[in-house]
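# Report on the structure
Residues per chain, in single letters:
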Amino acid sequence: MNKERSIKEIEKLSTEDRWLLARENLSDSENEGAVPALLDHIRAHENTRWLVYSSIMTEQIPRSYAAHAYFELQKSVLHYEIMRLCTFWDPVDLDSRSIPTIAALADCSGVSECVYCDHLSHYQSVEHGIAKKLGTKARRDLRTGIRGSHEIEGSDVLRHVRNFRDKLAHQLEKTRREKNSAVPLPRYGDERKLLGKTITTVNRLYLSLSGTGFDWDSAKKMHKRNAEALWKGVTISVLR
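Residues numbered from 1 in each chain as written. Predicted model: local features only at pLDDT ≥ 70, side-chain atom pairs only at ≥ 80, totals over all residues. Heavy atoms only, no water.

## Some words on the overall build of the chain
- Scanning the chain for helices and strands turns up 12 helices and zero strands.
- Listing every helix and strand of the chain by position from the N terminus yields α-α-α-α-α-α-α-α-α-α-α-α.
- When the backbone C-alpha atoms are referred to their principal axes, the chain occupies close to 70 × 45 × 30 Å.
- For the chain, with 240 residues in total, the buried portion stands at 43%.
- A sequence separation of at least 24 residues applies to 72% of the contacts in the chain between residues at least 6 apart.
- Total accessible area on the chain stands at roughly 13900 Å², and carbon and sulfur atoms take up 50% of it.
- Looking at the chain, you have 38 positive and 33 negative side-chain charges, and the mean spots of the two groups are 6 Å apart. (Helix = DSSP H or I, 4+ residues; strand = E, 2+ residues; numbered from the N terminus. Buried < 20%, exposed > 50% of the residue type's maximum accessible area, 1.4 Å probe, protein only. Contact = heavy atoms within 4.5 Å. Areas by Shrake-Rupley, 256 points an atom, 1.4 Å probe, with all protein chains shown as cover. Lys, Arg positive; Asp, Glu negative; His and termini not counted. Charge placed at Lys NZ, Arg CZ, Asp CG, Glu CD.)

Written out as structure tokens, the structure reads:
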């Protein structure tokens, strides 16, 4: 479903349906959605960091035919991460679970009120004034998450990374963007910056819309530890 049609369909939904669908797009009962997908991406990202940025592997490969193969492996892994990361920022589409779709569903005063009331119900056992503060904070997190989504959508880093992804995925000599003006190539490390911004935005939306959060720092540490345990133990013996 294209962006314009999706936005029209979103506007037809009731407030509660918009809220519930935004929640499901983040994480549903079958553990699918933007949050589980982002956790999977973090696993891949930690392996990419070792293969592309660490000298531990490259120092084991002398000038040889094998060096060409390793360079292609580095490119493939990095390009896959870029293509996968960009899917989180696909345009608004009701058939998609992209962050812009979730933000579009949540971007209305009625959903903000649902978030506030939902958080109040979670904290019925505490003093009412405290519960109201927590509900207000949830609303603020929602506004910040939506605003952050819009800022990233309009950022140069996403524009550069997305343009590069389009050329990778579609074998284009020039993208539509490049026909209007030159688009710089992304820099090494841009994918890491974009991932960090993506995690921050998803976390704010998840906290507010679902009334729950995730320990992203612990997840990153765990996946970093797992990748380190593998790649620090790998020894390469090259046939010259």
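So, next bit.
## Thoughts on the confidence of the model for the chain
- When pLDDT is averaged along the chain, the result is 92; 99% of the residues meet or exceed 70.
- Mean pLDDT in the chain bottoms out at helix H10 (residues 176–180), which sits at 87, and peaks at helix H6 (residues 99–106), which reaches 98. (pLDDT = per-residue confidence, 0-100.)

## Let's talk about unusual backbone geometry
- Even without being a glycine, Asn31 presents a positive backbone phi close to 60°.
- Within the fold, Asn31 resides in the loop between helix H2 (15–26) and helix H3 (34–53).
- A positive phi angle, near 55°, is found at Gln171, a position not held by glycine.
- Among the secondary structure elements, Gln171 is positioned in the loop between helix H9 (156–170) and H10.

## Brief notes about a positive patch on the surface
- Residues Arg140, Arg143, Arg147 and Arg204 make up a contiguous surface patch of positive charge.
- Looking at the positive patch, the element that brings in the most residues is helix H8 (residues 128–153), giving three residues.
- Owing to a relative accessible area of 42%, Arg140 belongs among the partly exposed residues under this scheme. (Patch = residues over 30% accessible without salt bridge, like charges linked within 9 Å, V, L, I, M, F, W, Y side chains within 5 Å. Salt bridge = Lys/Arg side-chain N within 4 Å of Asp/Glu carboxyl O.)

## Structural notes on the pattern of salt bridges
- Tallied over the entire structure, the rule returns 15 salt bridges.
- A salt bridge links Asp166 to Arg165, with the shortest nitrogen-to-oxygen separation between them at 2.9 Å.
- A salt bridge links Lys167 to Glu178, with the nearest nitrogen and oxygen atoms 3.4 Å apart. In this pair, Lys167 sits in helix H9 while Glu178 sits in helix H10, placing the two residues 11 residues apart along the sequence.
- One network of salt bridges, with partners in common, ties together Asp90, Arg165, Asp166 and Arg177.

## Side note on H3
- Over its 20 residues, H3 extends 27 Å from the first C-alpha to the last, a length consistent with the 28 Å expected when each residue adds 1.5 Å.
- The buried fraction of H3 is high, at 14 of 20 residues. (Expected span 1.5 Å × (residues − 1).)

## Remarks on a nonpolar patch on the surface
- On the surface, a nonpolar cluster with roughly 230 Å² of combined accessible area is contributed by Tyr123, Val126 and Ile130.
- Secondary-structure assignment places Tyr123 in the loop between helix H7 (109–122) and H8.

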